[in-house]
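Here is what each chain is made of, one letter per residue.
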Amino acid sequence: MPIFSSIGRYSILMGRVFSRPEKFRVYPTLVIREMDKIGLQSVGIVSLLVLFMGAVVAIQTASNIESGWIPRWTIGYTTRQSIILEFSSTVVCLIISGKVGSNIASEIGTMRISDQIDALDIMGINSASYLILPKIIAAVFIIPFLVLLAMFVGVAGGASIAILSGNVSFADFEYGAQYDFRIWDVAYSVIKTFFFAFIMTSVSSYHGYNTQGGALEVGQGSTRAVVYSIVIILVADFLLTQLLLL
Amino acid sequence: MIQLKDIQKSFGDTQVLKGISCTFETGKVNFIIGKSGEGKSVLTKCMVGLVEVDKGSIIYDDQDFTKMDRWDRKTVRTNIGMLFQGAALFDSMTVEENIQFPMVMFTKFTKGERDKRTEEILEQVGLQGKNKLFPSELSGGMKKRTGLARAIALNPKYLFVDEPNSGLDPLTSIMIDKLVRQLTDQYKMTTVVISHDMNSVIEIADTIHFISKGEFVWNGDRKSILKSQHPLLNDFVFASQFMREIKDKFK
């Protein structure tokens, strides 16, 4: 069964990634470099997308409130809950998977087909640890901050559009956004992000590291990395939601 | 010195290496020649530990590489330098960073010491002043020279060179050949070159091992290769009109 073979090879690779590195003091520099690539360089796209997500959620909620029995502050409440519980963590991580996952898989895949990984191994360096561990550490550390930023920008986007379009007053939106606020919802979202960050970097690295062939296979590996990351993130989202919210 | 004893390797039902034994001597440029798909690359990968052998021993100066664990192998590997066919330079690093990479990972050199050693090596390979260039800014010959510079950064005892002249013009090829010869003499290394290129063989080979269907079927030096009556070797060496004319003149 190919799936069990893949799981086995992924586990062996992770074993190598988390084994003792050759020279620990080079890792902080690598981690900081990866934080920049994975996190800081994604701030723009994440902010832009989540801003519009917040706006769309607010407009859709407003357009669905027809009954006079439902208060207008529901727009603020729904926008906040949607953004915090799902959009800021899962949807943002799916977006980052597309951007960062393909980047990681193609970077490592190119290194594989151009013998750069063999060069590391021949030097006596644990190539899996040297190339993948900094990416995992950087993603697990920086992506939760991106998610917190996304929560703020998403709710702000929803508020701006809802208020400017005249669907709700600032006071109503503010009331809804604060209504029944539980810090656990934010924690739940951030906890999910740790898992998603690990999944997207490790799965993409696995596909890049096991690339064989040439430029065509690098592209195929990159696509597979994104598809598998997204599917596994969605499955993990379901499992973590069952575990943390019910 | 590197000794191979009865090296065997199979992939599935296909036996790629069928009991290879030989000795690569210190201070000499040892060539492994043969057609594509005869086992040259697999043998090289076995020798540097990228592929595990099924049977046999690879002995680096009395240390059996095949019986070592990962950490013991690391000690041997720091004494191995390798120039890959495509140079395998790290794209994200400059020439200087590529050369200094093994020093950063395996020595306690200060930045000043690393810079001094880098300048020495760059001078040896004729790349002075190219420190800050990235691999994408280098020509094929410069990439090979940078690869060689990185390979010798830690004064290795063993140098592996895979197809040093592929994709290079004749003049640059000769320059790389001479550089391999010069560095082997200077660092007293055991150099193993994998090549198809008969010009390189005639230019710098001390010993030659001809591989066919996973076995060394002929061993000798560059003079004896031209006199050999081995049919497979003759077909390989004198495949080109140019080499046939040389043979006629040699006779």
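For the structure, check the block above.
Residues numbered from 1 in each chain as written. Chains lettered and ligands numbered in written order. Predicted model: local features only at pLDDT ≥ 70, side-chain atom pairs only at ≥ 80, totals over all residues. Heavy atoms only, no water.

### Remarks on the overall build of chain A
The helix and strand tally for chain A stands at 9 helices and 0 strands. For chain A, the sequential pattern of α-helices and β-strands runs α-α-α-α-α-α-α-α-α. Expressed as lengths along the three principal axes of its C-alpha atoms, the size of chain A is roughly 70 × 40 × 35 Å. For chain A, the residues scored as buried account for 50% of the 246 residues in total. In chain A, of all internal contacts separated by at least 6 residues, the share reaching a separation of at least 24 is 86%. On chain A, roughly 11,400 Å² of surface is accessible, and the fraction owed to carbon and sulfur atoms is 70%. (Helix = DSSP H or I, 4+ residues; strand = E, 2+ residues; numbered from the N terminus. Buried < 20%, exposed > 50% of the residue type's maximum accessible area, 1.4 Å probe, protein only. Contact = heavy atoms within 4.5 Å. Areas by Shrake-Rupley, 256 points an atom, 1.4 Å probe, with all protein chains shown as cover.)

### Digging into the overall build of chain B
In terms of regular secondary structure, chain B is built from 10 helices and 10 strands. Taken over C-alpha atoms, the radius of gyration comes to 18 Å for chain B, in line with the 18 Å a tight globule of 251 residues would show. With the principal axes as the frame, chain B shows a C-alpha extent of 55 × 45 × 30 Å. Taking all 251 residues of chain B together, the buried fraction comes to 53%. For chain B, restricting intrachain contacts to residue pairs at least 6 apart in sequence, the fraction spanning at least 24 positions comes to 66%. A total accessible area of about 11,300 Å² is found for chain B, and carbon and sulfur atoms account for 50% of it. The average position of the 36 basic charges and that of the 33 acidic charges among the side chains of chain B differ by 1 Å. (Rg over C-alpha atoms; globule rule 2.2 N^0.38 Å. Lys, Arg positive; Asp, Glu negative; His and termini not counted. Charge placed at Lys NZ, Arg CZ, Asp CG, Glu CD.)

### As for the pattern of salt bridges
Residue and element names in this part refer to chain A. This model, assessed by the stated rule, comprises 21 salt bridges over all chains. Residue glutamate 34 pairs with lysine 37 through a salt bridge whose shortest N-O separation is 3.8 Å. Within this pair, glutamate 34 and its partner lysine 37 are both found in helix H2 (residues 27-38), separated by 3 residues, close to a single helical turn. Owing to a relative accessible area of 9%, glutamate 34 belongs among the buried residues under this scheme. For lysine 37, a relative accessible area of 28% gives the class partly exposed. The network of salt bridges with shared partners includes Glu34, Lys37, Glu107 and Lys135. (Salt bridge = Lys/Arg side-chain N within 4 Å of Asp/Glu carboxyl O.)

### Topic: the environment of phenylalanine 198 of chain A
All names here are of chain A. Relative to the helices and strands, phenylalanine 198 is located in helix H8 (residues 183-209). According to the relative accessible area criterion, phenylalanine 198 is partly exposed, its value standing at 29%. Sequence-wise, phenylalanine 198 and alanine 138 are 60 residues apart; in three dimensions their C-alpha atoms are separated by 9.7 Å. With residues near it in sequence (within four places) discarded, phenylalanine 198 still touches Tyr10, Met14, Phe18, Ile136, Val140 and Val203.

### Let's talk about helix H7 (residues 170-178) of chain A
Residues and elements named next belong to chain A. Inspection of H7 places Phe173, Gly176 and Ala177 among the buried residues, and these make up the whole buried set. Viewed along the axis of H7, the buried residues span an arc of 100°, placing them on a single side of the element. Where the residues of H7 are buried, they touch helix H4 (74-113) and helix H6 (127-164). Where H7 ends, the next residue or the one after it, aspartate 180, has phi of about 55°, a positive value. (Arc of directions from axis to C-beta.)

### Thoughts on the interface of chain A and chain B
Opposite the 20 residues of chain A that make contact, chain B presents 24 residues. For the pair chain A and chain B, the summed buried area comes to about 1,900 Å², and 64% of that belongs to carbon and sulfur atoms. Run the count over chain A and chain B and you get 0 salt bridges. If you look at where chain A meets chain B, you find 6 residue pairs in polar contact (both at pLDDT 80 or more). Looking at the side of chain A that touches chain B, the element that brings in the most residues is helix H5 (residues 116-123) of chain A, giving 7 residues. (Buried area = accessible area lost by both parts, 1.4 Å probe. Polar contact = N/O pair within 3.5 Å; in protein donor to acceptor, adjacent residues only side chain to side chain.)

### Things to note about the side chain of serine 42 of chain A
Secondary-structure assignment places serine 42 of chain A in the loop between H2 and helix H3 (43-64). Beyond its immediate sequence surroundings of up to four residues, serine 42 of chain A is in contact with Lys37, Lys99, Val100 and Leu146 of chain A.

### Focus on the packing of H4 of chain A against H8 of chain A
Residue and element names in this part refer to chain A. Two elements in contact, H4 and H8, have axes separated by 8 Å at closest approach and are oriented at 15°. With respect to H8, the element H4 is oriented roughly parallel. Regarding H4 and H8, the two cross each other, and that crossing is right-handed. Taken together, the residues that form the contact of H4 with H8 break down as 12 nonpolar, 13 polar and 4 charged. (Axes fitted to C-alpha atoms, helices over the stretch in contact; angles between N-to-C directions. Parallel < 35°, antiparallel > 145°, perpendicular 65-115°, else oblique. Left-handed = near helix turned anticlockwise from the far one by under 90°. Nonpolar A, V, L, I, M, F, W, Y, C, P; charged D, E, K, R; others polar.)

### With respect to the sheet that holds strand S5 (residues 63-64) of chain B
Hydrogen bonding along the main chain pairs the strands of a sheet, whether they run parallel or antiparallel. All names here are of chain B. As summarised here, the arrangement of the 4 strands in space is S2-S1-S4-S5, forming an open sheet in which the pairing is antiparallel. The sheet terminates laterally at strand S2 (14-24) and S5, the two strands that pair on one side only. Both strand S4 (residues 55-60) and S5 contribute to a ladder of 2 bridges, which runs antiparallel. Note on S5: the bridge partner recorded for tyrosine 60 is glutamine 63. (Pairing = 2+ DSSP bridges.)

### Some words on the pairing of S4 of chain B
Residue and element names in this part refer to chain B. Bridging between strand S1 (residues 2-11) and S4 involves 5 bridges; their strand directions are antiparallel. Its bridge partner being in S4, glutamine 8 is matched across the sheet by lysine 55. The turn linking S4 back onto S5 is made up of 2 residues, and aspartate 61 within it adopts a positive phi angle of 45°.

Keep in mind these values describe shape, not function.
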